[in-house]
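# Results of the structural survey
Chain by chain, the residues run as shown.
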Amino acid sequence: MPDLIERLQSAVVTYPDWPKPGVTFADLSPAYADPKLRRDLTAHFVNVALEKRIDTIAAIESRGYLLGMSIADSLDLPFIQIRKSGKLPGDCYRVAYSLEYGSAEIEVQNSAFAKSSRVLIVDDVLATGGTMKAAKELVEQAGATVAGIVVIAEIAFLNGRSNLDGVEVSSLLQL
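Report on the accompanying structure. None of these values were measured; they are calculated from a predicted model. (Residues numbered from 1 in each chain as written. Predicted model: local features only at pLDDT ≥ 70, side-chain atom pairs only at ≥ 80, totals over all residues. Heavy atoms only, no water.)

## A short note on the overall build of the chain
- The number of helices and strands found in the chain is five helices and nine strands.
- Walking the chain from its N terminus toward its C terminus, one meets helices and strands in the order α-β-β-α-α-β-α-β-β-β-β-α-β-β.
- The C-alpha radius of gyration of the chain comes to 15 Å, within 12% of the 16 Å expected for a compact globule of 175 residues.
- When the 175 residues of the chain are sorted by exposure, 48% land in the buried category.
- At a minimum sequence separation of 6, the contacts of the chain that also span at least 24 residues come to 57%.
- If you sum the accessible surface of the chain, you get close to 8,600 Å²; carbon and sulfur atoms cover 49% of it.
- Mean positive and mean negative side-chain charge positions of the chain (17 and 22 charges, respectively) differ by 2 Å. (Helix = DSSP H or I, 4+ residues; strand = E, 2+ residues; numbered from the N terminus. Rg over C-alpha atoms; globule rule 2.2 N^0.38 Å. Buried < 20%, exposed > 50% of the residue type's maximum accessible area, 1.4 Å probe, protein only. Contact = heavy atoms within 4.5 Å. Areas by Shrake-Rupley, 256 points an atom, 1.4 Å probe, with all protein chains shown as cover. Lys, Arg positive; Asp, Glu negative; His and termini not counted. Charge placed at Lys NZ, Arg CZ, Asp CG, Glu CD.)

Structure below.
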């Protein structure tokens, strides 16, 4: 795993003061552009999912989909979309939350999860934890259990884990 972390660190590009002054954006696009690194990231998080006996993968729009779909495909598991409000048809659960630089709302279809599902939530970066906390609440509203959270990187000084009620977070990088 040290090799995976080193390759991932070298792929991340940071942009200070983007999307607004005072925010430093960690761009994982170069990691997604590297097929071997993508496969190795997927394999790492597949192992996390296997350890947690996951039966459903849910990912947060849109960058969470890039890794979440690969994990779901590798394990032959259902993939559930957590989307920005107003993007899904039918009856949906919705949760509003605060971002580092604004506010938003996400949703999931009411029928997305089986009541006994053990769900792994996937996203690219954990910052303040607002989006992830909202995603966790959506999964729980639907009657499923959040068995774990995986992110490629987390911005440690923002302490997003503290907003997740003790759900275990697996991340490879601390930014």
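## Quick notes on the pattern of salt bridges
- A complete count under the given rule lists 10 salt bridges for this structure.
- In this structure, Asp40 and Arg7 form a salt bridge, with 2.4 Å as the shortest nitrogen-oxygen distance. Of this pair, Asp40 sits in helix α3 (residues 35-51) while Arg7 is found in helix α1 (residues 2-11), placing the two residues 33 residues apart along the sequence.
- The exposure class assigned to Asp40 is partly exposed, which follows from its relative accessible area of 22%.
- Linking Asp124 and Arg63 is a salt bridge whose minimum nitrogen-to-oxygen distance equals 2.5 Å. Of the two residues, Asp124 is situated in strand β7 (residues 118-126) and Arg63 in helix α4 (residues 63-75); the sequence distance between them amounts to 61 residues.
- Taking the relative accessible area as the measure of exposure, Arg63 reaches 40% and is therefore partly exposed.
- Residues participating in the shared-partner salt-bridge network are Asp3, Arg7, Lys36 and Asp40. (Salt bridge = Lys/Arg side-chain N within 4 Å of Asp/Glu carboxyl O.)

## A look at the sheet that holds strand β4 (residues 79-84)
- Strands sit in the order β5-β6-β4-β3-β7-β8-β9 across an open sheet of seven strands; the sheet is mixed. The open sheet has two edge strands with one neighbour each: β5 (92-99) and β9 (169-174). Strand-to-strand twist of the sheet, defined as the mean angle between neighbouring strand axes without regard to direction, takes the value 20°.
- The strands that α4 touches are β3 (56-60), β4, β7 and β8 (145-154); relative to β3, the one it contacts most, it runs at about 165°. (Pairing = 2+ DSSP bridges. Axes fitted to C-alpha atoms, helices over the stretch in contact; angles between N-to-C directions.)

## Quick notes on α1
- Along α1, the residues that are buried comprise Leu4, Leu8 and Ala11. Taken around the axis of α1, the buried residues stretch over an arc of 60°, which confines them to a single face. In α1, the exposed positions that point more than 90 degrees away from the buried face belong to Pro2, Glu6 and Ser10.
- Residues of α1 that are buried sit in contact with β1 (13-16), β2 (24-27), α2 (29-33), α3, β8 and β9. (Arc of directions from axis to C-beta.)

## Here's the deal with the pairing of strand β6 (residues 102-109)
- As paired strands, β4 and β6 are joined by two bridges and run antiparallel to one another. When the sheet's bridge partners are listed, Arg83 is paired in β6 with Glu107.
- Examined bridge by bridge, β5 and β6 share eight bridges and lie antiparallel to one another. From the neighbouring strand, Tyr93 faces β6, where its bridge partner is Val108.

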